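Topology and contacts: notes
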Amino acid sequence: MANGRMVVVGDSLLLVVSHSAPGICTLFRTDENLSEAAAYGTIGNGPGEFVQPLLTYGCGNTFGLNEVGRQELVEMEVCQQQEVINIRERQRLKAVGRPRSTDEWIPSDYYYVRLDGAHFVSLTGVKNGSFFTLSDSMLVPIEHFGDSPIEEELPAVSARNRLNGKLMAENGAMVYATTKLPYLAYYRLCSGKMVKQWSLFYAPTDYGVRNGDLLFSREKAMGPMLDAEMDADYIYVLFMDQPLGLYDYSSARQSTSNKMLVFDHDGRQVASLHLDVGIQEMTVLRDRLKLYGIAKEPDISLVGFDLPSELFER
């Protein structure tokens, strides 16, 4: 199988989205030794095809594919009748962009994530005070909100590239985890507005702004964050606890991590889990106390781990 992003869909199905797999969306049965259950979609412009799909969330039996170049969110649905499992396109939503300004370029939002039954959140990733967008169920913007992870102002292109990361949402709460900064920010929908609850740096970092660009110390900045996820109780962060300059995507050992940090919804770190295999992507099947990931050694493969039951005995 090929490397890709992953989420849990339904009660026990593991979804992996990869641009280089025979089907872009592939479902695996976690209760049948990760046997393949269904596949859907290819790269292209025709029906059932996608140009630049980004897996952004899983929610019940649905998941979201953000067609980044087309500024669309495609909501997909997994349908199961007895032993037959199918993937179908449920709806395709067109994002409403920000008004264009002659003196300031703001890129289109991306990484649309379902916040609750009536809202989505998305990432602009540029300007302090409007780093994210809250939209209604049809992707019509309601408000722009949220702080940049750093105080310094950056040009739009630099901010978009250097401060990118992963958005997660669960029942009205949203978390943003940056890739190159060991940073988390937590927001919650309160009376129709997104309100920041906390933000934190969970590991050392060191950076500076030079000529409009954000530069990281190769020796003092730690990271990167490889993947993150949240559920009703916890935020899980797959983190490379090493100098940022050692990261090398072409090297299996220098692009995977065996360390996962666990935070509660108040920002307290409650656990640091050490895996016996390094992984690059991950997702949590909480009801079955399972963590699944994509390993790169000796070959790219799906792997599973048992989570400590003590973590959920609260």
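Structure shown above.
Below, the structure is looked at part by part.

Cut-offs applied
Residues numbered from 1 in each chain as written. Predicted model: local features only at pLDDT ≥ 70, side-chain atom pairs only at ≥ 80, totals over all residues. Heavy atoms only, no water. Helix = DSSP H or I, 4+ residues; strand = E, 2+ residues; numbered from the N terminus. Buried < 20%, exposed > 50% of the residue type's maximum accessible area, 1.4 Å probe, protein only. Salt bridge = Lys/Arg side-chain N within 4 Å of Asp/Glu carboxyl O. Contact = heavy atoms within 4.5 Å. Polar contact = N/O pair within 3.5 Å; in protein donor to acceptor, adjacent residues only side chain to side chain.

Mapped onto the fold, R210 is located in strand β19 (residues 207–210). Given the relative accessible area of 58%, R210 is considered exposed. Residues R210 and L154 lie 56 residues apart in sequence; the distance between their C-alpha atoms is 9.8 Å.

Counting across every chain of the model gives 17 salt bridges. Note that K193 and E143 form a salt bridge whose closest N and O atoms lie 3.9 Å from each other. Here K193, found in strand β18 (residues 193–201), pairs with E143, found in strand β14 (residues 141–145); they are 50 residues apart in sequence, far enough to count as distant. In this structure E143 comes out as buried when scored by relative accessible area, which is 14%. Linking K166 and D227 is a salt bridge whose minimum nitrogen-to-oxygen distance equals 2.8 Å. Taken as a pair, K166 in strand β15 (residues 165–170) and D227 in strand β21 (residues 225–230) lie far apart in primary sequence, 61 residues in all. Judged by relative accessible area, K166 falls into the buried class, the value being 12%. When salt bridges that share partners are traced, they join E72, E89 and R92 into one network.

Turning our attention to the environment of E67. The residue E67 is located in strand β8 (residues 62–67) in this model. Note on E67: relative accessible area 0%, which makes it buried. Expressed as a C-alpha distance, the spacing of E67 and V7, which sit 60 residues apart in the sequence, is 17 Å. Each residue touching E67, except ones within four places of it in the same chain, is listed here: E49, F50, V51, Q52, P53, E72, V74 and R92. A distance of 2.8 Å separates the side chain of E67 from the backbone nitrogen of Q52, its partner in a polar contact.

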